[in-house]
Amino acid sequence: MASKQPRPDVIIIGSGAAGLTAALTLATRLKVLVLAKGTLSDGSTAWAQGGIAAVLDAGDTFENHIRDTMVAGAGLNRLETVEYVIERAPHAIERLIALGVPFNQQAGALHLTREGGHSHRRIVHVDDATGRAVQDALVSAAQAHPNITLLPGRSCIDLITGRHEARYSGSGRVWGVYALNEATGKVEAHTARATVLAAGGAGRCYLFSTSPRGATGDGIAMAWRAGARVSNMEMMQFHPTCLYNLEVKNFLVTEAVRGEGGWLINPRTGKRFMEFYDAERMELAPRDVVARAIDSEIKRFGLDYVHLDISHKPAGFVREHFPMIHAKLLGLGIDMTAGPIPVVPAQHYTCGGVLIDLAGRTDLPGLYAAGECTESGLHGANRLASNSLLECFVFGEAAAHDILERWSSFDAPPAIRPWDESRVADSDEEVVIKQNWTEIRRFMWNYVGIVRTTKRLERAAHRIKLLYDEVEDYYGHFRVTTDLIELRNLLQCADLIVRSALRRHESRGLHYTLDYPATSKQARDTVLFP
Ligand code: FAD
Ligand code: SIN
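The following refers to the structure shown. None of these values were measured; they are calculated from a predicted model.

**A closer look at the site of ligand 1**
By nearness alone, 37 residues border ligand 1, and Thr45, Gly51, Asp218, Glu372 and Ser388 come closest of all. The contact in question runs from a nitrogen atom of ligand 1 to an N or O atom on the backbone of glutamine 49, over 3.3 Å. Between ligand 1 and alanine 198, the relevant distance is 3.4 Å, taken from an oxygen atom to a main-chain nitrogen or oxygen of the residue. Mapped by element, the contributors of at least two residues to the shell around ligand 1 are α1 (17-26), β2 (32-36), β9 (154-160), β18 (341-350) and α11 (388-405). Residue composition of the shell around ligand 1, by class: 14 nonpolar, 18 polar and five charged.

This is how it looks when you write it as structure tokens:
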């Protein structure tokens, strides 16, 4: 079925920070259609806590922020990208203020907090719920814009390319996307002259993750199947401090708690332990270092969790800085002003993704990408805290500018074949999806986690091979559902992560393997060609 909307100029897949920034920039001249799985605010953006990194203090410099980003990224970052993004951060913050984001102020200036890996205070924030304020401001602006149509409830399945043209060309030119209308169960073909992928990360490949339910790597998997290269997928970031709670499994406790003086303590010894892992930076070492330290303490002492403690600070200070977290924890019977918070590391961010250039262009003509689904060169082997939202704003805008500049060269889409459902039936065994989903997330956690070995990676690769046949068979025989789309993409991303990890014969940043503990002299991206 074709879309009932008038044909848009540009389609954007995803309504988080990257997608809506691109939409608002494009809408100055073009008609934009934004498609989103679930509701408009189901992505990671709304969940962001700590804030957005930007050099705004007279005592700080771009050079400092660039150096911190490269140190965290273990030298795998592309300097050109790091400079490009960091120099545009103050503009990104100005734009958000103009949209009405109520960043915290102090003495007439923006209040800057601190997080791990940052040599200076440079994180602008809205209390400890920055993402919610940003998401709400972007959605309000997009809803009010006459050139933007928002279509939530669309699970995109596959990009439309030359292979789907009514007069088959087989080219890699992207013309839009096939999307499942979650309400009607029908698949729609949405076409446009340009498409921007902004579908977020693949965190849900892991059993324990701070990411929302829909972070199943759909954008990365769709681009890969359409023929785009992906890069550095082995660089999966684990956040050191996810709440340990048997009922609430994915609640993040922001790094800003450590930034404002919180300590990590071994509950068995009652002592701080970071001095054994990074005596200089202690709790404010980059995330990969802190997550490995916690993992090591947990394994060495047979613990379920470690403690994060900020109760030595005045209660009023803690409540004022962390109102959302304080209230959430109180509801679970934990008073962070009076005692420690039990925490464990959990998957948090996908550093790798669809390879893009400085204009957000992918390998495929007509396809741009921005945000967590990409590998832009900013994060390298480990993302510096609060650089992610920043990347979304900078590349959302960069992609939009490039499309606007080249607009006259974008052809109108040809006639496209409708989605073919003639050979599929309704699924009679949903249990297969649930079983495979759980299995992937469990073996990825156990075999492809914080500390890796070649043997464990090979075990994971073997499991993936077996599951591929089962999932593809299922996909070929039954009508698509959001769960099935996500399972297929999760498996695709798990495969990309494991293949990339097997190719990296060194330990660098987030990829730590007991078989290759040394870091090679030369930093090289792991680029996979479809
Ligand atoms: P998202 O915001 O994840 O949006 C993805 C969009 O794509 C959604 O609209 C989703 O519905 C849609 N989508 C996905 N698949 C499909 C599909 N198949 N069809 C249609 N639509 C689809 N970063 C920081 O810089 N600072 C922080 O303080 C911070 N805190 C964080 C806290 C938490 C708990 C988490 C999980 C992340 C945090 N991050 C933070 C990371 C940051 O929030 C994300 O990297 C960023 O928001 C990603 O934005 P995005 O626009 O790329 O994707
Ligand atoms: C946090 O608040 O700790 C998350 C920040 C980030 O992921 O950048």
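Let us keep going from here.
**Considering the site of ligand 2**
Close to ligand 2 lie Gln49, Gly50, Glu115, His239, Leu252, Thr254, Glu255, Arg287, His348, Arg383, Ala385 and Ser386. At 2.6 Å from an oxygen atom of ligand 2 is found a main-chain nitrogen or oxygen belonging to glutamate 255. Within the side chain of arginine 383, an N or O atom sits 2.8 Å from an oxygen atom of ligand 2. Protein chains bury 92% of the 260 Å² of accessible surface belonging to ligand 2 in isolation. Considering only residue class, the shell around ligand 2 consists of two nonpolar, six polar and four charged.

**Describing the pattern of salt bridges**
Pairing between side chains of opposite charge can happen when their charged atoms approach one another. One pass over the full model with this rule turns up 34 salt bridges. One salt bridge connects glutamate 486 with arginine 213, and the closest N-O pair in it is separated by 2.6 Å. Linking glutamate 486 in helix α14 (residues 482-503) with arginine 213 in the loop between β12 (194-197) and α6 (218-226), this pair joins segments that are 273 residues apart in sequence. In this structure glutamate 486 comes out as buried when scored by relative accessible area, which is 3%. By relative accessible area, arginine 213 is classed as partly exposed at 41%. One salt bridge in this structure joins arginine 300 and glutamate 297, with 3.4 Å as the shortest N-O distance. Note that arginine 300 and glutamate 297 are positioned in helix α8 (residues 287-301) at a spacing of three residues, about one turn of the helix. On the accessibility criterion, arginine 300 (58% relative accessible area) is exposed. For glutamate 297, a relative accessible area of 2% puts it in the buried group. Here the salt bridges do not stand alone but share partners, grouping Lys37, Arg213, Asp218, Asp483 and Glu486 into one network.

Criteria and cut-off values
Residues numbered from 1 in each chain as written. Chains lettered and ligands numbered in written order. Predicted model: local features only at pLDDT ≥ 70, side-chain atom pairs only at ≥ 80, totals over all residues. Heavy atoms only, no water. Near = heavy atom within 4 Å. Polar contact = N/O pair within 3.5 Å; in protein donor to acceptor, adjacent residues only side chain to side chain. Helix = DSSP H or I, 4+ residues; strand = E, 2+ residues; numbered from the N terminus. Nonpolar A, V, L, I, M, F, W, Y, C, P; charged D, E, K, R; others polar. Areas by Shrake-Rupley, 256 points an atom, 1.4 Å probe, with all protein chains shown as cover. Salt bridge = Lys/Arg side-chain N within 4 Å of Asp/Glu carboxyl O. Buried < 20%, exposed > 50% of the residue type's maximum accessible area, 1.4 Å probe, protein only.

Honestly, it's all geometry; don't read function into it.
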